[in-house]
Amino acid sequence: MPTNTQPPVARIALASLFAALIMAGAVIAFPIPGGPPIVIQNLFAVLSGLLLGPADGALSVLIFLAIGAIGFPVFSGGRGGFAHLAGPTGGYLAGYLLAAVVAGLIARRRGLVLSFLGSAIGFLLILGAGMLRLKLLRNMDCTKALAAGVLPFLPLDAVKAVICAFVAARLGPFADSLRGIGTRRG
Amino acid sequence: MRDLEFFRNVSIGQYVDSGSPVHRMTPATKYLWLVALSAPAVASLGYAGALLPLLSALCAAVAAGVRPSFLLRGLKPILPLFLVVAVMQFIFGWPGDRSAVLFRLGPFSATAREAHIVLMAVARTVSLVVIVGLFTSTTTEGEAAHGIEDFLAPLARLGFPAHAFALAATTALRFIPIVAGELESIVKAQAARGADFGSGKGGVVAKARAYLPLFVPVMIRALERAEALAEAMEARCYTGRGRTRFVVYELQRGEWVARLAAVFLCVAIFVLDSAVSAPLAALLGVFA
């Protein structure tokens, strides 16, 4: 008797949709000289956790990372390949996975406050992971890594966190109904 | 409206269809070569281990009918990164670094050890870019996704949804132009109504609110696309179990030889690297 480990089709479709959103976000990247670029991909990564929950959110980020790692240009600014994953900005990419899981766990129950808490902590985790990687790779001390890897992004990421929270609060029930949680739309 | 057409020139992948025997190999073999050449490029001790995979990849590219210059072109976007790494090493010193000083500039100095670190980083990155470029230029998106499934097959026995993962990866690649098109059409629609993105004044919340008319419709349209896809698949009784593929990959002649060669090459590079790296380093005086 084969066990059915296959998730429902709607969940696969949603996970692939968010992977595509994260990848399409690669086109929109504004470079900062000497540091990681400003991207929109982290917004979609956090949103995937908020809307799809920890497991499916992680799945979409994993798909994005896997497709990027084997060389398709889906990382920020149209880059790709394993070298990018192992490079100085790889910490942020690992942070996406962490953020999707944690944001998904926090925002299990719908609502603006929990959504905001989840997305804020998600963005902080991305920045934290990115900073750690920068610190390790470039032999920086904490204040320098903070100045290069976190501070330039804080204002914009705060805006993104609020956007994520609003979008998640507005569309959470819709996403849940698609995933077969709660009332199914007729 | 030129600024709004983000996605006109986006192409994912860089497949070069030369129809060579390398192209016709099964995805599993290509993944094996990808891993076998990447591993020493990432984890080697010295220059030999970082550069031999590059040499092997360039030879394989010639065999596959892919021009090496085409692969090396992939280096262009990361050249500034090399400069950043070099400048960082120049500015920040390593504690306890007693290697020879190559040159000084004001309070900063470049030592042999720092030069070694920069050169190794460049060698590793160049190797990886060419290896990955070779993979993507000989493998289509569909093959790559099917290959992921084959590669994850052992994990499927442990309960990992390998088939779902591969399906979602394939679908995601198909979704990219659709999602991009939706985003573009909504940005245009909002701009036509006089929307102004990015220059909004006020606090964080006010700025975020300005973007909501962009994100909520994009997300709704995208979610509806996913819903339509799921319904279409359910209507066709998709279950994911016992599913066959439209394209069946057949082992080419000599493909097992190619697989064994990949493993052999990987081991040989590691062995050679560990044998050569210490004398080479001593010769260059890196750790002196």
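Described in the following lines is the structure provided in the data block. (Residues numbered from 1 in each chain as written. Chains lettered and ligands numbered in written order. Predicted model: local features only at pLDDT ≥ 70, side-chain atom pairs only at ≥ 80, totals over all residues. Heavy atoms only, no water.)

**Thoughts on the overall build of chain B**
Move 1: Assigned secondary structure in chain B consists of 10 helices and two strands.
Move 2: Start at the N end of chain B and walk to the C end: the helices and strands fall as α-α-α-α-α-β-β-α-α-α-α-α.
Move 3: The buried share among the 288 residues of chain B stands at 40%.
Move 4: Long-range contacts, defined as pairs at least 24 residues apart, comprise 75% of the intrachain contacts of chain B with a sequence gap of at least 6.
Move 5: Entry remark: accessible area of chain B is about 15600 Å², with carbon and sulfur atoms responsible for 66%. (Helix = DSSP H or I, 4+ residues; strand = E, 2+ residues; numbered from the N terminus. Buried < 20%, exposed > 50% of the residue type's maximum accessible area, 1.4 Å probe, protein only. Contact = heavy atoms within 4.5 Å. Areas by Shrake-Rupley, 256 points an atom, 1.4 Å probe, with all protein chains shown as cover.)

**Concerning the overall build of chain A**
Move 1: When you go through chain A residue by residue, the secondary structure sums to seven helices and two strands.
Move 2: Among the 186 residues that make up chain A, the fraction classed as buried is 59%.
Move 3: Of the accessible surface of chain A, which amounts to about 6900 Å², a share of 71% is contributed by carbon and sulfur atoms.

**Here we look at the interface of chain A and chain B**
Move 1: With 56 residues of chain A in contact, the opposing surface of chain B contributes 64 residues.
Move 2: Buried area between chain A and chain B, both sides added, is near 5300 Å², and the carbon and sulfur share of it is 83%.
Move 3: Seen at the junction of chain A and chain B, the total is zero salt bridges.
Move 4: One can count zero residue pairs in polar contact (both at pLDDT 80 or more) joining chain A with chain B.
Move 5: Elements represented by at least two residues in the side of chain A that touches chain B include exactly α1 (9-24), α2 (41-69), α3 (82-86) and α7 (154-178) of chain A.
Move 6: Among the residues forming the side of chain A that touches chain B, the class breakdown is 43 nonpolar, eight polar and five charged. (Buried area = accessible area lost by both parts, 1.4 Å probe. Salt bridge = Lys/Arg side-chain N within 4 Å of Asp/Glu carboxyl O. Polar contact = N/O pair within 3.5 Å; in protein donor to acceptor, adjacent residues only side chain to side chain. Nonpolar A, V, L, I, M, F, W, Y, C, P; charged D, E, K, R; others polar.)

**Some points on the pairing of strand β2 (residues 108-111) of chain B**
Residue and element names in this part refer to chain B.
Move 1: Of the pairings in the sheet, the one linking strand β1 (residues 101-105) to β2 comprises four bridges and is antiparallel in character. Within the sheet, the bridge partner assigned to V101 lies in β2 and is T111.
Move 2: Counted along the chain from β1 to the antiparallel partner β2, the turn is two residues long, and its residue G106 has a positive phi close to 60°. (Pairing = 2+ DSSP bridges.)

**Concerning the environment of G49 of chain A**
Move 1: Tracing the backbone shows G49 of chain A in helix α2.
Move 2: Considering only alpha carbons, one finds G49 of chain A and S119 of chain A, 70 residues apart in sequence, at a separation of 8.7 Å.

**Looking at the packing of aromatic side chains**
All names here are of chain A.
Move 1: In total, this model carries four aromatic pairs over all chains according to the counting rule given.
Move 2: Relative to F75, the ring of F64 lies with its centre 5.3 Å away and its plane at 80°, an arrangement referred to as edge-to-face. In this pair, F64 is assigned in helix α2 and F75 in the loop between α2 and α3, connecting sequence segments 11 residues apart.
Move 3: Exposure remark for F64: the relative accessible area of 0% places this residue in the buried category.
Move 4: Residue classification places F75 among the buried residues on the basis of a relative accessible area of 0%.
Move 5: Members of the aromatic cluster, joined through ring pairs, are F64, F75 and Y96. (Phe/Tyr/Trp six-rings, centres within 6.5 Å; stacked < 30°, edge-to-face > 60°.)

**Some remarks on the nonpolar core**
Move 1: With 110 residues, the main nonpolar core has L17, F18, L47, I63, F64 and V167 of chain A together with M219 of chain B as its most contacted residues.
Move 2: Formed by five residues, the second largest nonpolar core is a distinct cluster that contains I186, V187, L214 and V218 of chain B. (Core = buried A, V, L, I, M, F, W, Y, C linked by side-chain atoms within 4.5 Å.)

**So, unusual backbone geometry**
Residue and element names in this part refer to chain B.
Move 1: In this model, C237 sits at a positive phi of 60°, which is unusual for a non-glycine residue.
Move 2: In this fold, C237 is placed in the loop between α9 (204-235) and α10 (255-284).
Move 3: Classification of C237 as exposed rests on a relative accessible area of 63%.

**Quick look at the packing of helix α2 (residues 27-43) of chain B against helix α3 (residues 47-64) of chain B**
All names here are of chain B.
Move 1: Closest axis-to-axis distance for the α2/α3 pair is 7 Å, and the angle between their directions is 150°. Taken together, α2 and α3 sit at an angle that is classed as roughly antiparallel. Of the two elements, α2 crosses α3, and the hand of that crossing is left-handed. Contacts between α2 and α3 pair L37, P40 and A41 from the former with G49, A50, P53, S56 and A57 from the latter.
Move 2: Each residue belonging to the contact of α2 with α3 can be placed in one class, and the counts come to six nonpolar, two polar and no charged. (Axes fitted to C-alpha atoms, helices over the stretch in contact; angles between N-to-C directions. Parallel < 35°, antiparallel > 145°, perpendicular 65-115°, else oblique. Left-handed = near helix turned anticlockwise from the far one by under 90°.)

**Considering α7 of chain A**
Residue and element names in this part refer to chain A.
Move 1: At L171, α7 is bent by approximately 50°, the largest bend along its length, and proline P173 sits one to four residues beyond.
Move 2: With 18 of 25 residues buried, α7 lies mostly within the body of the structure.
Move 3: Looking one or two residues past α7, G180 carries a phi angle of roughly 80°, positive in sign. (Bend = angle between axes of the 7 residues up to and from the residue.)

**Considering the pattern of salt bridges**
All names here are of chain A.
Move 1: Inspection of every chain in the model, using the stated rule, returns seven salt bridges over all chains.
Move 2: The partner of K160 in a salt bridge is D157, and the shortest N-O contact between them spans 3.3 Å. With K160 and D157 both in helix α7, this residue pair falls three residues apart, about one helical turn. Comparing K160 with D157 shows no difference in burial state: the two are buried.
Move 3: The structure contains a network of salt bridges with shared partners spanning R11, D56 and R179.

**Section: the packing of α2 of chain A against α7 of chain A**
To describe two helices that pack against each other, one gives the angle between their axes and the distance between the axes.
Residue and element names in this part refer to chain A.
Move 1: For the pair α2 and α7, interaxial distance at closest approach is 9 Å and the crossing angle is 35°. α2 and α7 meet at a crossing whose hand is right-handed. On α7, the residues that touch N42, L43, V46, L47, L50 and L51 of α2 are D157, K160, I163, C164, V167, A168, L171, G172, A175 and D176.

**Points about the side chain of S137 of chain B**
Residues and elements named next belong to chain B.
Move 1: Looking at the element boundaries, S137 is found in helix α6 (residues 112-138).
Move 2: Taking the relative accessible area as the measure of exposure, S137 reaches 0% and is therefore buried.
Move 3: There is a polar contact of 2.9 Å between the side chain of S137 and the backbone oxygen of G133.
Move 4: Residue contacts for S137: discarding those within four places in its chain leaves Q14, Y15, V16, H23, V66, F70 and L71.

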